[in-house]
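Inside the fold
Each chain, letter by letter, is given below.
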Amino acid sequence: MSDNKLYTRKFDFFYGAFHALKNINIDIQTNRVTALIGPSGCGKSTFLRSLNRMNDIIPGICVNGEVVLDGKDIYERNVDVVDLRRRVGMVFQKSNPFPKSIFENVAYGLRINGERNRSVISRRVEESLKDAAIWEEVKDRLGESAMDLSGGQQQRLCIARALAVKPEIILMDEPASALDPIATQKIEELIFELKKNYTIVIVTHNMQQAARVSDYTAFFYLGELIEFGETDQIFTKPGLKKTEDYVTGRFG
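Residues numbered from 1 in each chain as written. Predicted model: local features only at pLDDT ≥ 70, side-chain atom pairs only at ≥ 80, totals over all residues. Heavy atoms only, no water.

1. Details of the side chain of Arg156
Summarising the element assignment, Arg156 is placed in helix 6 (residues 151–164). The exposure class of Arg156 is buried, given its relative accessible area of 4%. Within polar-contact distance, the side chain of Arg156 engages the backbone oxygen of Ala133 at 2.6 Å. Among all residues touching Arg156, those that are not within four sequence positions of it are Ala132, Ala133, Ile134, Glu137, Lys186, Ile187 and Leu190. (Helix = DSSP H or I, 4+ residues; strand = E, 2+ residues; numbered from the N terminus. Buried < 20%, exposed > 50% of the residue type's maximum accessible area, 1.4 Å probe, protein only. Polar contact = N/O pair within 3.5 Å; in protein donor to acceptor, adjacent residues only side chain to side chain. Contact = heavy atoms within 4.5 Å.)

In structure tokens, the structure reads:
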């Protein structure tokens, strides 16, 4: 058992015969930012997507062990996956706004979750855009296409879309990797604000970004969780030489 809202125990993940994640035991700290780091192909994105079953759409996958959210294993057969993904939202590496208006991009999740009250939808859209630090930039153009926004604005719009359905946890898969430094800084500042109300798990290749935005860091290598701890400790006094070699740039 764990006091944290989300944790894994003896979690294994297979793509067919390929053993992608091996015996992952980790407690995701509530209202903190946990960064997942490691070289390409180490399993960090697979692990992230396992936390709200985004991998389910891939043929031939198999899981063992537990991913526990509020005391319940999310891989049990009676779990409502749509509700799970409302509670555990996802922001992808490449911003993926719908070819709709800015307003409808944020309202979309509310509508598919059954909300019909226009005033409720309008209020939640405004709240979400404010929470995603983009309201002031778009409040006079809510009817315009989301495709006309800059890359950084599109990514914050996608964050607003994730926030609209009031998730408890937000998963971010390299949310700033396609953005310029100024847009990246805005995303990082936003993450810092969001952790007051949300638990955040972020995959990043950028060591400096992991050090800046996260409270905890998990280092993955060849499908294994090598080391997990407070970010300051992982970056300044790692317990294992392999972790030290990675965070200091000796490999990866």
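2. So, the sheet that holds strand 9 (residues 216–221)
Read from one edge of the open sheet, six strands run 6-7-8-3-9-10, paired in mixed fashion. The outermost strands of the open sheet, each flanked by one partner alone, are strand 6 (88–91) and strand 10 (224–230). Here the strands of the sheet are splayed against their neighbours by 20 degrees on average, with no regard to which way each runs. Of the pairings in the sheet, the one linking strand 7 (residues 169–173) to strand 8 (residues 199–203) comprises five bridges and is parallel in character. From the neighbouring strand, Leu171 faces strand 8, where its bridge partner is Val201. In the packing of helix 6 onto the sheet, the strands contacted are strand 6 and strand 7, and the crossing angle to strand 6 comes to about 170 degrees. Each of strand 3 (33–37), strand 7 and strand 8 touches helix 7 (residues 181–194); the most contacted strand, strand 8, lies at about 150 degrees to it. (Pairing = 2+ DSSP bridges. Axes fitted to C-alpha atoms, helices over the stretch in contact; angles between N-to-C directions.)

3. Looking at the packing of helix 6 against helix 7
It is the contact of helix 6 with helix 7, at a shortest axis distance of 9 Å, that shows an interaxial angle of 20 degrees. Between helix 6 and helix 7, the crossing angle belongs to the class labelled roughly parallel. The handedness of the crossing between helix 6 and helix 7 is right-handed. Mapping the contact onto sequence places Gly152, Gln155, Arg156, Ile159 and Leu163 in helix 6 and Ala183, Lys186, Ile187, Leu190 and Leu194 in helix 7. (Parallel < 35°, antiparallel > 145°, perpendicular 65-115°, else oblique. Left-handed = near helix turned anticlockwise from the far one by under 90°.)

4. Notes on the pairing of strand 9
Along strand 9, five of the six residues are buried, which leaves the element largely enclosed by surrounding structure. Both strand 3 and strand 9 contribute to a ladder of four bridges, which runs parallel. What sits directly across from Ile37, in strand 9, is Phe219. Direction of pairing for strand 9 relative to strand 10: antiparallel, over a ladder of six bridges. Bridging from a neighbouring strand, Tyr216 pairs with Glu230 of strand 10. Where strand 9 folds back on strand 10, the antiparallel hairpin that results is connected by two residues, among which Leu222 adopts a positive phi of roughly 50 degrees.

5. Re the nonpolar core
Judged by nonpolar contacts, the single largest core of 44 residues is most densely connected at Leu129, Ile159, Met172, Ile191, Leu194 and Ile200. At six residues, helix 6 tops the list of elements feeding residues into this core. Look past the residues within four positions of Ile191 in its chain and what remains in contact with it is Val33, Met172, Ile200, Ile202 and Val213. (Core = buried A, V, L, I, M, F, W, Y, C linked by side-chain atoms within 4.5 Å.)

6. Things to note about unusual backbone geometry
One non-glycine residue, Asn23, lies in positive phi territory at about 55 degrees. You can see Asn23 is positioned in strand 2 (residues 18–28). Residue classification places Asn23 among the partly exposed positions, given a relative accessible area of 45%. A positive phi is found at Ala133, a non-glycine position, where the angle reads about 60 degrees. Here Ala133 is to be found in the loop between helix 4 (118–131) and helix 5 (135–138).

7. As for the packing of helix 3 (residues 102–112) against helix 4
At a closest axis distance of 9 Å, the pairing of helix 3 and helix 4 adopts a crossing angle of 120 degrees. Considering their axes alone, helix 3 and helix 4 lie oblique with respect to each other. Handedness of the helix 3/helix 4 crossing: right-handed. Mapping the contact onto sequence places Phe103, Val106, Ala107, Leu110 and Arg111 in helix 3 and Ile121, Ser122, Arg124, Val125, Ser128 and Leu129 in helix 4. For the contact of helix 3 with helix 4, the residue count by class is seven nonpolar, two polar and two charged. (Nonpolar A, V, L, I, M, F, W, Y, C, P; charged D, E, K, R; others polar.)

8. Topic: the packing of aromatic side chains
Tallied over the entire structure, the rule returns seven aromatic pairs. Ring centres of Phe47 and Phe220 lie 5.4 Å apart, and the angle between their planes is 40 degrees; on these two criteria the pair is classed as tilted. Here the residue Phe47 occupies a position in helix 1 (residues 44–50), and Phe220 occupies one in strand 9, the gap between them amounting to 173 residues. For Phe47, a relative accessible area of 0% corresponds to the buried category. Lying across the ring of Phe98, Arg161 places its NZ or CZ 4.1 Å from the centre. (Phe/Tyr/Trp six-rings, centres within 6.5 Å; stacked < 30°, edge-to-face > 60°. Lys NZ or Arg CZ within 6 Å of the ring centre and 35° of its normal.)

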